[in-house]
Structures are given as structure tokens and as C-alpha cells.
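# Structural overview for review
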Amino acid sequence: MKLERYKGWESELKELIITLAEIPSPTGKEQKKAEYIGDWLQRQGASGVWRDTAGNVCWLWGTGQEHLTVFMAHMDTVFAESVKLEVQERDGRLYCPGIGDNTANLACMLMAAKAAIRSGKEPKSPVLFAATTGEEGLGNLVGSRTLFESFGEHVEQVVCFDLYREAITCQAVGSVRYEISVHTKGGHSYNDFGNTSAIAAAAELIHRLYQVDVPKKAKTTCNVGTIHGGTTVNSIASEAVFTYEFRSVDRDCLEEMENNFRRIAGEMQLSGVELAVREIGRRPCNGAVSEERLEVLTSAHQEILQRHTETKVRRIPYSTDANIPLSMGIPAVNIGTISGGALHTEEEYIELDSIRAGLSIALESLLLYGELE
């Protein structure tokens with residue numbers, strides 16, 4: 001594929017990655033980055049850029065809404081506004097919290113949008129570019145959900161840009177997440193000794209949850225991620241709170257884990273412990289997707305990735321924005337454009353020599369759906 005005319009864009013892509021990486025965008029607070037992206041697209045010549053009710057930044061290449069292809073990449077990172085965001089270049093790498101997940105992939109997708117804008121051509125069918133919100137953690141894929149509530153019935157396929165170029169995802173890992181509050185009478189540690197401790201009750205509940213045999217039909221996991229409670233060392237705790245999640249690529253396995261959780265929580269309540277259960281997240285796994293269409297989509301993008309990495313590109317299940325279209329039966333893949341490491345840590349980095357390949361991956365993906373020259 002002839003992409004020589006875009007070689008000069010590599011330095012611009014690097015600068016865009018650095019600029020975006022230094023704009024804080026915690027989940028739920030992506031507004032500053034969204035404003036920058038909207039302005040950037042307009043400076044490239046895009047008309048009709050809009051933001052939807054979830055804060056997604058959208059631009060449509062082509063006319064109409066039928067037979068849509070969606071290109072999407074999330075704007076949010078796992079880092080709070082208090083985390084210092086300053087890109088450091090050393091040892092052939094760019095270091096910054098969030099630079100790999102998902103800044104570099106977002107920037108590569110935006111450069112593909114620029115190529116579409118500058119092409120002056122109509123695509124084979126319209127392509128919707130979307131920089132999305134709420135992909136990480138308790139964002140619960142709000143941006144992706146909103147996008148496909150609006151356009152889902154018109155979408156033919158989805159290309160999601162996230163993670164690294166050495167793997168491709170076409171199987172969604174579903175999850176269910178709860179916050180469980182345990183309440184008891186509590187009291188003074190000496191005078192009221194014998195009263196039930198909320199911490200002890202929470203510990204017993206957690207122990208029982210971990211004793212559950214996970215389903216064997218498909219890989220299924222569970223985890224207690226956070227816990228806190230009590231007031232002082234000399235008080236019997238009257239409240240303890242923890243978060244619990246379970247994951248699987250199979251809907252039946254998720255349902256079995258949900259039934260186990262409800263049964264164990266119910267038994268604890270019958271024993272006299274007061275529980276308050278609040279759902280804080282639910283991500284779906286694959287729905288009734290056409291295996292043939294999904295394979296065509298996956299193979300095409302796997303071939304693109306393989307041209308730009310020396311390692312064998314693996315197919316792995318993962319939880320991404322692509323969960324939503326896959327759950328709706330829409331063929332979707334998630335691909336990375338760059339190489340890097342230390343994901344979700346303050347030492348996160350990308351390899352500088354992968355930027356060129358990242359640009360090519362994004363452009364070659366777009367060439368599947370329209371001409372650029």
C-alpha cells in the first residue's frame with residue numbers, strides 16, 4: 001500500500017501524542033481533552049464535529065448513516081488529576097502516565113481521521129470517528145454504550161484502538177462489579193466484646209466468595225479489589241465496605257457467578273448481618289455475532305498488525321470499548337498501534353520506534369474502508 005506521502009506525518013504524530021498525554025483526563029473528567037480534540041479536528045478541516053451526551057467527540061467521514069464503520073479510541077486514563085503528566089523522552093522511549101493506554105492509540109486514530117479529511121474523497125460507506133469517554137474502571141463503557149445506542153442499528157463493523165500492536169481482540173471479557181457494605185451494631189472493644197464486628201463479617205463473606213468453584217466452561221475469575229471500614233483500634237467496627245467483581249468470556253458463566261454471589265450474600269443476611277449491595281459496573285461479553293463476518297474483520301486487521309511487528313500477533317480476550325458492539329452482535333475488533341509497557345503505572349511508556357508503525361497501522365486500517373489518494 002502506497003503511504004509515502006504520509007511519512008512526514010510521523011513527527012506531527014509524536015507531537016500530538018505528547019500534547020494529548022499532558023492533558024489530564026481521568027475517567028469522568030475528559031472534558032479538557034475532548035475540547036482539544038474537537039478543536040484539533042476542526043483545524044484539520046473537519047466540518048460537523050460534535051460531542052454527544054456522554055462527551056464523546058465524533059466526526060463522520062462520508063454522508064448518511066447506513067452501513068457505518070466505526071473507528072473509536074477512548075480518551076480517559078486511570079490517573080487522577082493530581083498525578084503529574086509530563087512526557088519524558090529517554091532511552092528510545094516516551095514516558096508518561098497514560099501514554100500507552102490510551103493516548104498513543106487515540107493519536108494514531110486521529111491521524112487517520114486527518115488523512116480522511118485531507119483526502120477529499122468519499123469512503124465506500126461512511127466512517128464514524130469517535131474519541132470516547134468512560135472506558136476505564138467504573139466508567140462502565142459509558143461512551144461506547146451511548147455511541148451504539150445512537151448508531152448501533154446502522155453499524156456494519158467496528159475498529160477499536162487500544163492496548164498494544166502485538167495482540168488483537170475479537171472476544172469480549174464480560175464483568176459484573178459490586179460494592180458491598182456490611183453493617184453491624186459495633187461497640188467498644190472491651191465493654192461490648194462479643195458484639196459482631198462488621199470487619200469480621202466482611203472477612204467471612206469474602207472468604208466464602210473465594211471458596212466458590214468458578215465455572216469450567218470458560219475462563220472465569222473473581223476478585224475483591226478494595227476494602228475499608230472501622231474507626232479506631234479500640235472500637236468494634238460497625239461498618240465495612242469492599243468491592244467485588246467476577247469476569248468471564250461466557251454469559252452462562254457470568255450468570256452462574258451472579259447466582260453464587262446472591263446465594264452467599266443471602267445466607268449472610270439470614271445469619272443476622274445487614275448487607276447493602278450496590279452494582280457499580282456491568283460489562284457484557286460477546287452476543288450473537290456472525291462468526292464468518294467477525295473472522296473476516298479480525299483476519300484483515302491481524303494481517304495489518306503482523307506486517308508491523310516481528311512477534312506473532314496473538315488473539316486474546318479483553319475488556320474494551322468493543323465489548324458493547326460485540327454484545328449487540330456487531331463485528332468488532334480491538335487493535336493496538338504501538339509498543340510499550342508498564343500499563344496503568346506512573347512509569348508507563350511507549351517505544352519511539354513504534355510510532356511510525358502506529359501511523360501505518362491506523363492508515364492501513366482506514367484504507368480497508370475508503371481511498372485516501
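Here, the structure is the one placed above.
Now for a look at the structure at hand. A quick note: this is a predicted structure, and the numbers were derived from the prediction, not measured. (Residues numbered from 1 in each chain as written. Predicted model: local features only at pLDDT ≥ 70, side-chain atom pairs only at ≥ 80, totals over all residues. Heavy atoms only, no water.)

Turning to its location among the elements, D101 is positioned in helix α3 (residues 99-119). Buried D101, no salt bridge; nearest opposite-charge side chain is R283, N-O distance 9.4 Å. With near-sequence residues (within four places) excluded, D101 lies in contact with H74, D76, T77, E136, D162, L343, H344 and E348. (Helix = DSSP H or I, 4+ residues; strand = E, 2+ residues; numbered from the N terminus. Buried < 20%, exposed > 50% of the residue type's maximum accessible area, 1.4 Å probe, protein only. Lys, Arg positive; Asp, Glu negative; His and termini not counted. Salt bridge = Lys/Arg side-chain N within 4 Å of Asp/Glu carboxyl O. Contact = heavy atoms within 4.5 Å.)

Our next topic: helix α5 (residues 198-210). The terminal C-alpha atoms of α5 lie 18 Å apart, and with 13 residues this matches the ideal 18 Å at 1.5 Å per residue to within 8%. Listing the buried residues of α5 in full gives A198, A201, A202, L205, I206 and L209. Take α5 and look down its axis: the buried residues cluster within an arc of 135 degrees, on one side only. Looking at the buried residues of α5, the elements they touch are β9 (174-183), β11 (220-229), β13 (239-248), α6 (251-270) and β14 (274-283). One side-chain oxygen at the N-terminal end of α5 lies 3.1 Å from the backbone nitrogen of I199; it belongs to S197. (Expected span 1.5 Å × (residues − 1). Arc of directions from axis to C-beta. Polar contact = N/O pair within 3.5 Å; in protein donor to acceptor, adjacent residues only side chain to side chain.)

A pair of packed helices is characterised by two quantities: the angle between their axes and the separation of those axes. With their axes 11 Å apart at the nearest point, helix α1 (residues 10-21) and helix α2 (residues 31-43) run at an angle of 155 degrees to one another. Judged by the inter-axis angle, α1 sits roughly antiparallel to α2. Contacts between α1 and α2 pair E12, L16, T19 and L20 from the former with K33, Y36, I37 and W40 from the latter. Of the residues belonging to the contact of α1 with α2, the class tally is 5 nonpolar, 1 polar and 2 charged. (Axes fitted to C-alpha atoms, helices over the stretch in contact; angles between N-to-C directions. Parallel < 35°, antiparallel > 145°, perpendicular 65-115°, else oblique. Nonpolar A, V, L, I, M, F, W, Y, C, P; charged D, E, K, R; others polar.)

What the 8 strands build is an open sheet, ordered β1-β2-β6-β3-β7-β16-β8-β15; its pairing is mixed. In this open sheet, the two edge strands, each paired with only one partner strand, are β1 (50-51) and β15 (314-315). Summarising the sheet, strand β8 (residues 167-169) and strand β16 (residues 332-335) pair through 2 bridges and their orientation is antiparallel. Bridge pairing in β16 links I168 to I335. Packed onto the sheet, α3 meets β2 (57-61), β3 (68-74), β6 (127-132) and β7 (155-161) and runs at close to 140 degrees relative to β3. (Pairing = 2+ DSSP bridges.)

Function cannot be read off these values alone, since they describe shape.
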